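# Descriptive structure summary
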Amino acid sequence: MYCQKRGELLTPLRQKVLSLLLQSGRATKAYTLLDEMRKIHSGSAPPTVYRALDFLQSVGLVHRIESINAFAVCHNLTHCRQGILIVCQCGAVAEIDAWGIHHVLVDKIASTGFTLIQGELELKGLCAECVIKSL
Ligand SMILES: [Zn+2]
Ligand SMILES: [Zn+2]
């Protein structure tokens, strides 16, 4: 649906990977997605799943969570602009629109002489469920 608007091609495979991520509702590792895909298409090969993830990332539908090497659906599919991801140990991910904060960061980084090349920010957090569990 979102991809139609962007004129991008959402092949059945890409669609399936996206829907698996949506169903999971949290950050999911590529090999977990591959296992799920294999339940549907036993011949699913790792490169096809990785390529689908690359594509979904490139059009902004999916974020890669580097700190835990997993993938999560963007929370702001229609207009994600430099979100900040808050990642819980259980894989729950929240995302906040941090457009203003991003500009401040870029300025501050520029004042150090560095140029930001990868602007996705990840913070560690505890989701509400995990806060309750930790009590
Ligand atoms: Zn996003
Ligand atoms: Zn949690």
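Residues numbered from 1 in each chain as written. Chains lettered and ligands numbered in written order. Predicted model: local features only at pLDDT ≥ 70, side-chain atom pairs only at ≥ 80, totals over all residues. Heavy atoms only, no water.

A separate point is the domain arrangement of the chain. Under the domain assignment used here, the chain contains domain 1 (2-73) and domain 2 (80-134). Taking only C-alpha atoms, the centre of domain 1 and the centre of domain 2 are 21 Å apart. Across the boundary between the two partners, domain 1 contributes nine residues, which contact 11 residues of domain 2. Buried area between domain 1 and domain 2, both sides added, is near 880 Å², and the carbon and sulfur share of it is 51%. Looking only at domain 1, the three residues that lose the most surface to domain 2 are Arg26, His63 and Ile65, adding up to 56% of its buried area. Summed over the shared surface of domain 1 and domain 2, the result is zero salt bridges. Between the two partners, domain 1 and domain 2, sit five residue pairs in polar contact (both at pLDDT 80 or more). Top contributing element to the side of domain 1 that touches domain 2 by residue count: strand β1 (residues 62-65), with three residues. (Domains from an automatic or database assignment. Contact = heavy atoms within 4.5 Å. Buried area = accessible area lost by both parts, 1.4 Å probe. Salt bridge = Lys/Arg side-chain N within 4 Å of Asp/Glu carboxyl O. Polar contact = N/O pair within 3.5 Å; in protein donor to acceptor, adjacent residues only side chain to side chain. Helix = DSSP H or I, 4+ residues; strand = E, 2+ residues; numbered from the N terminus.)

Now for the pattern of salt bridges. What the rule picks out here adds up to two salt bridges. Residue Arg64 pairs with Glu66 through a salt bridge whose shortest N-O separation is 3.6 Å. Given the relative accessible area of 27%, Arg64 is considered partly exposed. Here Glu66 falls in the partly exposed class, since its relative accessible area comes to 43%. (Buried < 20%, exposed > 50% of the residue type's maximum accessible area, 1.4 Å probe, protein only.)

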